[in-house]
Amino acid sequence: MEKFTKLTSTAIPLEVENVDTDQIIPARFLKATDKEGFGDNVFRDWRFTKEGKLNENFILNNPNYRGSILVTGTNFGCGSSREHAAWALVGYGFKVVVSSFFADIFKGNSLNNGLLPVQVSKQFLALILTRLKENPNTQITVDLENQTISILETTLSESFDIDPYKKMCMIYGYDDIDYLLSKKDQIEAFEAQKI
Amino acid sequence: MGKTLFDKVWDAHVVDSIENGPQVLYIDTHLIHEVTSPQAFNELEERNIPIFRPNQIVATADHNTPTLDQHLPIKDVLSRNQLKQLSENCNKHGIRLYELGHKYNGIVHVMAPELGITQPGKTLVCGDSHTSTHGAFGAIAFGIGTSQVAQVFASQCLLLTKPKSLRVTVNGTLKKGVLPKDVILYIISQIGTNAGTGYFCEYAGEVFERMSMEGRMTVCNMSIEMGARGGMIAPDETTFNYVKGRKFAPKDETFDKKVAYWKTLATDSDAIFDKEYTFDASEIEPMITYGTHPGMGIKISEIIPKIDDPSFRKSLDYMGFKAGESMLNKPINYVFLGSCTNSRIEDFRMAAHFIKGKQKAKNVTAWLVPGSKQVEAQIEAEGLKAVFEAAGFELRQPGCSACLAMNDDKIPAGEYCVSTSNRNFEGRQGQGARTILASPLVAAATAIEGKIIDITQHLN
Ligand code: SF4
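Residues numbered from 1 in each chain as written. Chains lettered and ligands numbered in written order. Predicted model: local features only at pLDDT ≥ 70, side-chain atom pairs only at ≥ 80, totals over all residues. Heavy atoms only, no water.

**Some words on the overall build of chain A**
Our working rule: Only DSSP runs of H or I with at least four residues qualify as helices, and only runs of E with at least two residues qualify as strands; both kinds are numbered from the N terminus onward. When we talk radius of gyration, it's over C-alpha atoms, and the globule rule is simply 2.2 Å times the number of residues to the 0.38. Working definition: with a 1.4 Å probe on protein chains only, accessible area under 20% of the residue-type maximum means buried, over 50% means exposed, and in between means partly exposed. Here, residues are in contact when the closest pair of their heavy atoms is within 4.5 Å.
What chain A contains, in helices and strands, is 8 helices and 7 strands. Computed over its C-alpha atoms, the radius of gyration of chain A comes to 18 Å, within 12% of the 16 Å expected for a compact globule of 195 residues. Based on the C-alpha atoms only, the size of chain A along its principal axes is roughly 60 × 45 × 25 Å. Counting all 195 residues of chain A, 57% fall into the buried class. Summarising the internal contacts of chain A: among those between residues at least 6 apart in sequence, 65% fall at separations of at least 24.

**A look at a positive patch on the surface**
Residues and elements named next belong to chain B. For clarity, the threshold we go by: Each patch is built from residues that are more than 30% exposed by relative accessible area and take part in no salt bridge. Like charges join if they lie within 9 Å; nonpolar side chains (Val, Leu, Ile, Met, Phe, Trp, Tyr) join within 5 Å. The accessible surface values rely on the Shrake-Rupley method and a 1.4 Å probe; as for residues, cover is taken only from the protein chains in view. One side-chain nitrogen of Lys or Arg within 4 Å of one carboxyl oxygen of Asp or Glu is enough to make a salt bridge. Charged residues are defined here as Lys and Arg on the positive side and Asp and Glu on the negative side; His and the ends of the chain fall outside this count. Where a charge lies is defined by one atom per residue type, namely NZ (Lys), CZ (Arg), CG (Asp) and CD (Glu).
A surface patch of like charges, here positive, comprises Arg96, Lys103, Lys247 and Lys251. If you trace the backbone, lysine 247 turns up in the loop between α9 (237–243) and α10 (252–262). Overall, lysine 247 belongs to the partly exposed group, its relative accessible area being 44%.

**Notes on the state of the cysteines**
All names here are of chain B. The test is simple: Note on terminology: pairs of cysteine sulfur atoms within 2.5 Å are recorded as disulfides.
Scanning all chains against the criterion turns up 0 disulfides over all chains. The thiol of cysteine 126 is unpaired, and the distance to the nearest cysteine sulfur, on cysteine 400, comes to 9.7 Å. Unpaired in terms of disulfides, cysteine 417 finds its nearest cysteine sulfur in cysteine 403, a separation of 10 Å.

**Overview of the packing of aromatic side chains**
We apply this condition: The rule is short: rings of Phe, Tyr and Trp, with Trp giving its six-membered ring, pair when the centres are within 6.5 Å, and they are stacked under 30 degrees, edge-to-face over 60, tilted in between.
For the coordinates displayed, the defined rule picks out 26 aromatic pairs over all chains. The interplanar angle of 70 degrees and the centroid separation of 5.8 Å between the aromatic rings of Tyr165(A) and Tyr179(A) together place this pair among those described as edge-to-face. Of the two residues, Tyr165(A) is situated in helix α6 (residues 164–172) and Tyr179(A) in helix α7 (residues 176–181); the sequence distance between them amounts to 14 residues. The exposure class of Tyr179(A) is partly exposed, given its relative accessible area of 21%. Ring centres of Phe41(B) and Phe153(B) lie 4.6 Å apart, and the angle between their planes is 40 degrees; this geometry places the pair in the tilted category.

**A short note on the pattern of salt bridges**
According to the stated counting rule, one finds 33 salt bridges over all chains in the structure shown. The salt bridge partner of Asp176(A) is Lys166(A), with a shortest N-O separation of 3.1 Å. Here the residue Asp176(A) occupies a position in helix α7, and Lys166(A) occupies one in helix α6, the gap between them amounting to 10 residues. Classification of Asp176(A) as buried rests on a relative accessible area of 3%. The residue Arg210(B) makes a salt bridge to Glu206(B) at a minimum N-O spacing of 3.7 Å. With Arg210(B) and Glu206(B) both in helix α7 (residues 206–210), this residue pair falls 4 residues apart, about one helical turn. Connected through shared salt-bridge partners, Lys35(A), Asp175(A), Asp178(A), Glu43(B) and Arg47(B) make up one network.

**A closer look at the site of the ligand**
All names here are of chain B. Our working rule: Any residue with a heavy atom lying within 4 Å of a molecule or strand is counted as near it. For each structure, a 1 Å grid was placed over the protein atoms alone; sets of points admitting a 1.4 Å probe that cannot get out are labelled cavities, open sets with protein on both sides within 12 Å along at least five of seven lines are labelled pockets, and lining residues have an atom within 4 Å of a point. A molecule is said to be in a cavity or pocket once over half of its atoms fall within 2 Å of that pocket's grid points. Those domain boundaries reflect an automatic or database domain assignment.
Taken together, His63, Ile107, His109, Asp128, His130, Ser339, Cys340, Cys400, Cys403, Leu404, Asn422 and Arg428 form the complete shell of residues around the ligand. Most atoms of the ligand, that is more than half of them, are within 2 Å of grid points of the largest cavity. Counting the residues that make up the shell around the ligand, at least three belong to each of domain 1 (5–275) and domain 2 (291–458).

**A closer look at the side chain of Arg82(A)**
Let me state the cut-off plainly: N or O atoms within 3.5 Å of each other form a polar contact, as long as, within protein, one can give a hydrogen and the other can take it, and as long as residues adjacent in sequence are counted only when both atoms are side-chain atoms.
Mapping Arg82(A) onto the fold places it in the loop between β2 (69–72) and α3 (84–92). For Arg82(A), a relative accessible area of 4% gives the class buried. Only 2.8 Å separates the side chain of Arg82(A) from the backbone oxygen of Ile25(A), close enough to count as a polar contact. If we ignore the near neighbours within four places in the chain, the residues touching Arg82(A) are Thr21(A), Asp22(A), Ile25(A), Pro26(A), Ala27(A), Leu30(A), Asn109(A), Leu404(B) and Arg428(B).

As structure tokens, then:
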């Protein structure tokens, strides 16, 4: 897993609530048996029209908006457990998703793939969205070590929560398997005493 | 302070706790399927890690399987390849697999309970969010991502932070025509799609105590639709009777010993939940959804609410509905009776009971898709197949089918489908398809009438 400490980038405002994993990556793209190529199909049915043409009204197709931070409405990533959603976002180039609320499984999947979910207050989310609408070149800094997210060249900043263990994993690029394997003796002892 | 059902099962599975961090939770049973397991197998192989407990894994093929001509080779190359990989991976690692065509094949959340794999007090995971279904037995069951599938492969454990506790209580008596599906759609419409995020839910009260195991599974199945990782119902005589005698159920004295333990699992009377909701059964009526998430549900006789919000408007635009209008009499061309929410024998009995002696409307294409080979066999054995065929319905072969439309069972763009599945997201049943969630009874009635009707007016 890639390490993450601090990132400054422009951002893409996706002003939609309850974005479910079927929108992030539709089921028909789940037939692959590896993790490659999902980025090409992220938000497929929003990025393209039914006829397969680029949907110019969709924010990802707006040439003014670029960057590796996705800023989005509440309850992002609800729906299925498909980790393909995280792979698709990472594959497309996102490193951070900002929302006022994340669905559980999606949050875990992102953290396991080096994609940082940053949960901010509703007010701060509204602030970022407004700034981004006014100026697509607005830069945002996400500092994992200090757990802060700030809008560059302003005093606007907020701190965010992250599980301390997961934070270390992100910073050092560890994953849970390494940790669990180190616990094998204890796991076997647990099995032996279980009814 | 007393413990909840969830606490008791969770605490019995904690191997270790990291200070200020997550806990190592032991997983008794790991269910896998073709879509979310291949990358996990690859990862272990790349890192040269063996599968730790292959005999605690059970595999089935369900998401990507055809529902017609299952005896023939699968036409779609990618789907065929995915199933082939599952078989190869299972063979290589000695994992029990009920592949396509096997008499125990079926949707993972239908076949495992049916075989007695799902039992009270267990921890059970699967790379599928509707793993919450198994909580109906008083097990801790939840969906995981593929990285976690790999973790369980490697260690039979997961690193997790204990969720908070939520209880939803429904007391009283359900009205005629109100099914378990209506109960859960009603709850979600009241508390919203993220009321449960960060929580594990327990369903309590007379309504769930009186419910069959099939009904309890329907309710727990949709816990994830209110954001909860899982839902649970305290095991009781209904549970024990269901489990008893099934293929993987404990036998004889072991069964009796287990039952004695299972009886201790119910939430203590002095336990405190982090959040509680209470509803009255008499408030619940047959439900229907009008939008693009499961919380957008109303009583079938109500009108679509007016809410001034861009996401709400976007959703109604997609569905082609207007705020303030009624759903009644909307013509419907597609009906899907299936999915891990409602494809058990009880669901088909309910539908057949309504359909018997009637004819399917000409405009309707109806897919009846059993949840497993065993349900399929039972439908035939109980004479329900004959009822369906006489009414002009087609019974398909088991699988997830149009619930997520990964196979050929797709609803055409723009068409409405009254569906017994669990998600009405944009494009869930095919690009541009519009899903309306309802109970098997409402689905059956829609297929007969060719439009949405107020089922309460048709029950004698
Ligand atoms: S039936 Fe639908 S919800 Fe259930 S496991 Fe299959 S795809 Fe998922």
